[in-house]
Amino acid sequence: MGIGFRTKQYMKMFIQKLYLPRVYKKAVKKTEVDPQKIIMADMHSNRLPYSMQAMYKVLVKKGYKPELFCRDIDSMSRRKGLKYMKRFMREYAAAGHVFICSYFLPVSSCKKREETKVIQLWHSGGLMKKMGYDTEDDIPKYYKGVVTKNYDLVTVSAPVCAPVWESALKLPEGTAKPLGLARTDRYFNGAWNNKCRTEFYRAYPEALGKKIVLYAPSFSGNAADPDCVGINSGIREVFEGLGKEYFLVTRLHPHLRKKYEEYFDENCDSLPTEKILPVTDILITDYSSVLFDYCVYKRPFVLFCPDLQSYDTERGFYVDINTFPCEVTYTADDLRRVFVEKSFNRFSKQELEDFYRYYMGACDGHSIDRILREAGVR
């Protein structure tokens, strides 16, 4: 890992262990917990992340007024970043509930009030690549702060995920519960799916009558220096040679935007990956958890993993991806063959159903209701 990444981690340690706890303690002396006060926070985006959008709408409908603390901390100056975190800690001290969907260091920087409940919605389902304390790409061994402290509830997509999440995030037994993922409720909403289809064909009218192929890979390395081996391995050339039967749409991870700007077309912001899933006929990905969102639709998918061996050695997996009901390809030629022969169709509907049930079975369109009941939000 680079010097810049390590320096950033040491700065985080200082802020988390020394600065933020002092701010919180001062705020506690001046406030009381308000059970009606709800905060939704994220440090990776300047707008409410997709993983919390559906939950936000339900909370508003119930009469709550969630306070949003969503900022891309990497795009802020150090002074503004500290000011943002300081303001959060003051509000955190009085909050009844705090919702997050990724690592959020300020939440874990102090001993919180027992009355305040922290709900980790997490941004992915299923089980595939290692995460949390199981990989240094997420949390380096030299990091001394506790990244996942104070979680009262972590929602996961199926019973098989709960023990893995608790181990990887060093959580007390019973913290992770298979209540489903809030983000997935929309996938079971017919009106939302139809709206997504309409928006897609309005943006890409040339796709009408073709099979929609979505390429949505993850990234390798860490967020400070991400890479995408699949893009470098010629996936675009594969589809340029397949004729007009398929329409390829590429959606790369946001961390890859600076490095692969040419793959972010004018529709990327208005049509993110999640909104393309309802219209997708075949998904191509590598180790991205978008696979598990997509499996709700029980349609064919293909894994394109040119770097599988090195990725497994450097990061590792919780499962054997060769057991998934899909073709696993390693080269552009492999991928081309799958589409020429249409072998992505060789897996039965029952196999796709079983895959969904095993990894995403708690996601059924009613996850938000269960989560709010468990969190004590009326």
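Summarised in this report is the structure supplied together with it.

Analysis parameters
- Residues numbered from 1 in each chain as written.
- Predicted model: local features only at pLDDT ≥ 70, side-chain atom pairs only at ≥ 80, totals over all residues.
- Heavy atoms only, no water.
- Buried < 20%, exposed > 50% of the residue type's maximum accessible area, 1.4 Å probe, protein only.
- Helix = DSSP H or I, 4+ residues; strand = E, 2+ residues; numbered from the N terminus.
- Pairing = 2+ DSSP bridges.
- Axes fitted to C-alpha atoms, helices over the stretch in contact; angles between N-to-C directions.
- Polar contact = N/O pair within 3.5 Å; in protein donor to acceptor, adjacent residues only side chain to side chain.
- Contact = heavy atoms within 4.5 Å.
- Salt bridge = Lys/Arg side-chain N within 4 Å of Asp/Glu carboxyl O.

**Side note on the pairing of strand 7 (residues 211–215)**
Counted residue by residue, strand 7 has four buried out of five residues, so it is predominantly covered. As defined by bridge partners, strand 7 adjoins strand 8 (residues 246–250) across five bridges and the pair is classed as parallel. Residue pairing across strands places leucine 214 opposite valine 249, the latter belonging to strand 8.

**Describing the sheet that holds strand 9 (residues 282–285)**
Sheet architecture is open: five strands sit in the order 8-7-9-10-11, paired in parallel fashion. Both outer strands of the open sheet, strand 8 and strand 11 (327–329), are each paired with one neighbouring strand and no more. Neighbour to neighbour, the strand axes of the sheet diverge by 20 degrees on average, direction disregarded. Inspection of the sheet shows strand 7 paired to strand 9 by three bridges, in the parallel sense.

**Focus: the side chain of aspartate 293**
Mapped onto the elements of the fold, aspartate 293 is located in helix 9 (residues 290–294). Judged by its relative accessible area of 2%, aspartate 293 falls in the buried class. Here the side chain of aspartate 293 touches tyrosine 187 through a polar contact of 2.5 Å, side chain to side chain. Ignoring sequence-local partners within four residues, the contact set of aspartate 293 consists of Arg183, Tyr187, Leu277 and Met360.

**Let's talk about the pattern of salt bridges**
Counting across every chain of the model gives 16 salt bridges. Arginine 337 is the salt-bridge partner of glutamate 341, the closest N and O atoms lying 3.7 Å from each other. With glutamate 341 and arginine 337 both in helix 11 (residues 332–341) and four residues apart, this pair spans about one turn of that helix. The partly exposed category is assigned to arginine 337, whose relative accessible area is 33%. In this structure, arginine 357 engages glutamate 353 in a salt bridge whose closest nitrogen and oxygen atoms are separated by 2.8 Å. Residue arginine 357 and its partner glutamate 353 are both found in helix 12 (residues 349–360); the two are separated by four residues, about one turn of the helix. Judged by relative accessible area, arginine 357 falls into the partly exposed class, the value being 49%.

**Concerning the sheet that holds strand 3 (residues 95–100)**
Across the sheet, six strands lie side by side as 2-1-3-4-5-6; this open sheet has parallel pairing. If you trace the sheet from one side to the other, it starts and ends with strand 2 (67–70) and strand 6 (176–177), each paired once. In this structure, strand 1 (residues 34–42) lies alongside strand 2, joined through four bridges in parallel fashion. Looking across to strand 2, one finds that aspartate 42 is bridged to cysteine 70. Against the sheet, helix 2 (residues 50–61) contacts strand 1, strand 2 and strand 3, and its axis sits at roughly 155 degrees relative to strand 1. Along the sheet face, helix 13 (residues 367–375) touches strand 3, strand 4 (117–120), strand 5 (153–155) and strand 6 and points at about 170 degrees away from the line of strand 5.

**Structural notes on the environment of methionine 55**
Position of methionine 55 relative to the elements: it lies in helix 2. The contacts of methionine 55, once residues within four sequence positions are left out, are Met40, Phe99, Leu121, Ala182, Ile368, Ile371 and Leu372.

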